[in-house]
Amino acid sequence: MTKVATHYDQVADVYDNQYDQRQGRIYYGHICTNVSKNLPKGAKLLDLGCGTGLFMRNYLKTGGEVIGIDISSGMLKKAKLRNDSEVAVGNAEKLPFRDESFDCISSILAFSYLQNPDYMLEDAFRVLKPGGAISLCTLGRNIFTAIVPAAYKIGEKLKVSRVGCGSFGEHYYSEDELYGLFSDAGFVDVSVERRSFAHVDLKPPLYSITKKIEPIVEDKFPYLAFNICASGKKPE
Ligand SMILES: C[S@@+](CC[C@H](N)C(=O)[O-])C[C@H]1O[C@@H](n2cnc3c(N)ncnc32)[C@H](O)[C@@H]1O
């Protein structure tokens, strides 16, 4: 966990520029749309692994209230500058909040780093109010992403300095795994869908082409999408 935190402390500025400008903003916006559609608007949200507060900003526009936690103080420094919201250093696997204190929970591109995703979901269930919603987006396992951990391991050896590149023991998820984890934690109305074909790291011509065919891929060939979104509800 410390290794992940140190990495994000170091890349906070680069991360924020990458995801809040040009194609990064479009890529991130697409994720936000898919996560937000399963959350109530204008409610009290907890964002797990909130990073620089990009999703918090998005949610605040609905008139809601947001609290974010993250293990990287460097990322949180930027989140504090971005939003007038409470953020705290904390581990998403052990939440420092009372039972039934949030209407909804989000988590964007942080779930893959968790060593114990079941702890996170159990604690999320605990701090949600009855009827509360959880919606997250993480990395999906497919033919393209299967090689990423090995490539990142090599990247680390070669001292490649780029966001997310390192040997962090990240886990890429399948539909069945997410469905099982959500159901085991007690969530109902669980929905899992693969999203994103135009990847933020693609060069412009390739990015535009993949963006154009993204809706077709998501609809007809979802296995080829890079990310995977999962949502559920705590029973009333
Ligand atoms: C790819 S960034 C995503 C940041 C933010 N959610 C966003 O959408 O821009 C991954 C974030 O997850 C955080 N993270 C990783 N493991 C975590 C954990 N166990 N608890 C809380 N945050 C964690 C990292 O520090 C980093 O800020």
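Counting restarts for each chain: residues are numbered from 1 in the order of the written sequence. Residue-level local features of this predicted model are given only where pLDDT is at least 70; pairs of side-chain atoms are given and counted only at 80 or more, and the full residue set underlies all totals for whole chains, interfaces and linings.

The protein is annotated in an unreviewed UniProt entry as Methyltransferase domain-containing protein of Methanomicrobium antiquum.

**Remarks on the UniProt feature "domain: Methyltransferase type" (unreviewed entry) in the protein**
Note the cut-off: UniProt positions are given in the numbering used here, feature names are shortened, and annotations may be inferred rather than shown by experiment. For the purposes of this entry, the term helix denotes a DSSP run of H or I that reaches at least four residues, the term strand denotes a run of E that reaches at least two, and both are numbered from the N terminus.
Under the local residue numbering, the UniProt record ascribes the feature "domain: Methyltransferase type" (unreviewed entry) to residues 46-134. The span residues 46-134 shows a helical share of 31% and a strand share of 30%, and its end C-alpha atoms are spaced 9 Å apart.

**What about the site of the ligand?**
Put simply, the rule is: Each residue receives a C-beta atom built from its backbone; the residue is near a molecule or strand if that atom lies within 6 Å of it. Residues are grouped as follows: nonpolar covers Ala, Val, Leu, Ile, Met, Phe, Trp, Tyr, Cys and Pro; charged covers Asp, Glu, Lys and Arg; every other residue, Gly included, is treated as polar.
Around the ligand sit 24 residues, and of these Gly 49, Gly 51, Ser 72, Ile 108 and Ala 110 come closest. Of all the secondary-structure elements, those providing two or more residues to the shell around the ligand are helix H1 (2-19), helix H3 (54-60) and strand E2 (65-70). Ranked by residue count, the leading element in the shell around the ligand is H1, at four residues. Tallied by class, the residues present in the shell around the ligand amount to 17 nonpolar, five polar and two charged.

**Comments concerning the environment of Gly 29**
Note that Gly 29 resides in helix H2 (residues 22-36). As for Gly 29 and Leu 54, which are separated by 25 residues in sequence, their C-alpha atoms are 9.6 Å apart.

**Here we look at H1**
Note the threshold: We define the bend at any residue as the angle between the axes fitted to the seven residues before and including it, ending there, and the seven starting there. Burial in this document is a count-based property: other C-beta atoms within 10 Å of a residue's C-beta are tallied, and the residue is buried at 20 or more, exposed at 12 or fewer, or partly exposed in between, with C-beta positions derived from the backbone. Throughout, a residue-residue contact means that the two C-beta atoms, derived from backbone geometry, are no farther apart than 7 Å.
Along its length, H1 shows its largest kink, about 65°, at Val 11. Every buried residue of H1 is accounted for by Val 4, His 7, Tyr 8, Val 11, Ala 12, Tyr 15, Asp 16, Gln 18 and Tyr 19. The secondary structure elements touched by the buried residues of H1 are H2, H3 and helix H4 (73-82).

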